[in-house]
Each structure stands twice: as C-alpha cells, then as structure tokens.
Amino acid sequence: MNLVQILPFVLIIGVMLLMTRSAKNRQRQATQMRDQMAPGSGIRTIGGMYAVVKEVNEDTVLLELADGVHAHFAKNAIAAVLDQAEYDRIVHGIDPEPELEAHGAEDVDDVEKADADEAVDLSKSSDEAATENAKTDGTDKK
C-alpha cells in the first residue's frame, strides 16, 4: 500500500479523535458547572425553565420554580448556572443600571441630566399646525 491509499484513513481517525476529545471537554465543563451549584443559585434547565436552587443532592436538585412551588430535577437537566445579575435580568427584568454604563455616568442624576440634554421636541410648530388645519378644512393656506 502506498501513502495515498492510507492518508484518507489516517485523516478520518484523526478527525474522530479530535471530535471525541472536544466532546469530553464539553462534558467535563458541564460537570464542573453543575458542581458549582449551591442553594440560592439561579439556573436554567435544558427545557428553558428558570428556577432557584434550594437543595443539592447527589444526583438530584430541588428547585423553587415560583414562591412555594418546588420540584426535583436530575442534575443532568441543568443547562446553565447563572450569576445573580443575569438571573435577575432575565427573570425579574432588573437591569443593573444599564444607563450608567451607556452614558459613562457615575450616578443616576448624571444619567437624568444626559437624557434631558438629548430630549427631542416632537410637538408641532405653528406652521405645521396651520398646514394641518388647512388640509382638514379643504383649503391650503400656504
């Protein structure tokens, strides 16, 4: 056999090894992430449900889905462990002061002043009002 005949087999084996290695790395990272869960952590399940961890067991997790509503889930059903700011942003709609970051301001008063400077007057001028009235009257008073 010559090199040209063996090369495709070597490439296929190499690609398979790389694919299994990356899959193992992803599985290891998911296991580490699930091990970081602690009571009070916000999570997202593989079904897209958001909840708060109440209790972590060996193979299961007790989640609080809503106030007073608890359910047991397998650890494998946890897709992501979220930090508190991200959980609040997604579930409760609480943004961690996004205007402060956007404007480079240090406090809320600076943001309000910046917003006032950027305000646009959308009211009609007297010329536009006269033109509008003329159109409704059927006469054009230009």
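Refer to the structure printed above.
Parameters at a glance
Residues numbered from 1 in each chain as written. Predicted model: local features only at pLDDT ≥ 70, side-chain atom pairs only at ≥ 80, totals over all residues. Heavy atoms only, no water. Helix = DSSP H or I, 4+ residues; strand = E, 2+ residues; numbered from the N terminus. Buried < 20%, exposed > 50% of the residue type's maximum accessible area, 1.4 Å probe, protein only. Contact = heavy atoms within 4.5 Å. Pairing = 2+ DSSP bridges. Lys, Arg positive; Asp, Glu negative; His and termini not counted. Salt bridge = Lys/Arg side-chain N within 4 Å of Asp/Glu carboxyl O. Polar contact = N/O pair within 3.5 Å; in protein donor to acceptor, adjacent residues only side chain to side chain. Axes fitted to C-alpha atoms, helices over the stretch in contact; angles between N-to-C directions.

What is the right way to read the environment of I46 from this model?
With respect to the element layout, I46 can be found in the loop between β1 (42-45) and β2 (50-56). Here I46 falls in the exposed class, since its relative accessible area comes to 66%. In this structure I46 touches N76, A77, I78 and A79, once residues within four positions along its chain are discounted.

Any chance you could explain the pairing of strand β4 (residues 69-74) here in plain terms?
Here is the key point about a regular strand: its side chains alternate between the two faces of the sheet. Across six bridges, the pairing between strand β3 (residues 60-66) and β4 is antiparallel. When the sheet's bridge partners are listed, E64 is paired in β4 with H70. Following β3, the chain reverses through two residues before pairing antiparallel with β4; G68 in that reversal takes a positive phi of roughly 80°.

Sorry, what's going on with the pairing of β3 here?
Across four bridges, β2 lies against β3 in antiparallel orientation. Each residue of the ladder has a partner; that of V56, found in β3, is V61. The hairpin formed by β2 and β3 contains three residues between the paired strands.

I would appreciate a short explanation of the side chain of R34 in the present structure.
With respect to the helices and strands, the residue R34 is situated in helix α1 (residues 3-35). Buried within the structure, R34 lacks any salt-bridge partner; its nearest side chain of opposite charge belongs to D35, at an N-O separation of 8.2 Å. Side-chain polar atoms of R34 contact the backbone oxygen of I78, separated by 3.0 Å. Every residue in contact with R34, bar those within four places of it in the chain, is listed here: K75, N76 and I78.

So what exactly am I meant to see when it comes to the environment of V69 here?
Of note, V69 is situated in strand β4. By relative accessible area, V69 is classed as partly exposed at 40%. Apart from the residues lying within four places of it in its own chain, the contact partners of V69 are L63 and E64.

Where do I start with the side chain of E64 in this structure?
Structurally, E64 is set in strand β3. Take E64: its relative accessible area is 16%, and that puts it in the buried class.

What should I look at first to understand the sheet that holds β2 in this one?
Within a sheet, neighbouring strands are paired by backbone hydrogen bonds and run either parallel or antiparallel to one another. Taken in spatial order, the five strands line up as β4-β3-β2-β1-β5 in an open sheet, and their pairing is antiparallel. Edge positions in the sheet fall to β4 and β5 (78-82), since each of these pairs with one other strand and no more. Going from strand to strand, the sheet's axes swing by 40° on average, the running direction of each strand aside. Two strands pair when backbone bridges link them, and β1 and β2 are joined in this way by three bridges, in the antiparallel orientation. Looking at the pairing, G42 lines up with V52 of β2. Along the sheet, helix α2 (residues 84-92) makes contact with β1, β2 and β5, crossing β2 at roughly 135°.

What should I look at first to understand the pattern of salt bridges in this one?
Once their charged atoms are close, side chains differing in charge can pair, the charge on each being opposite to the other. Inspection of the entire model under this criterion finds one salt bridge. Close ionic contact of K54 with E64 constitutes a salt bridge, the shortest N to O distance being 3.1 Å. You can see K54 sitting in strand β2 and its partner E64 sitting in strand β3, a full ten residues away along the chain.

It is worth stressing that arrangement in space is one thing and function is another; only the former is reported here.
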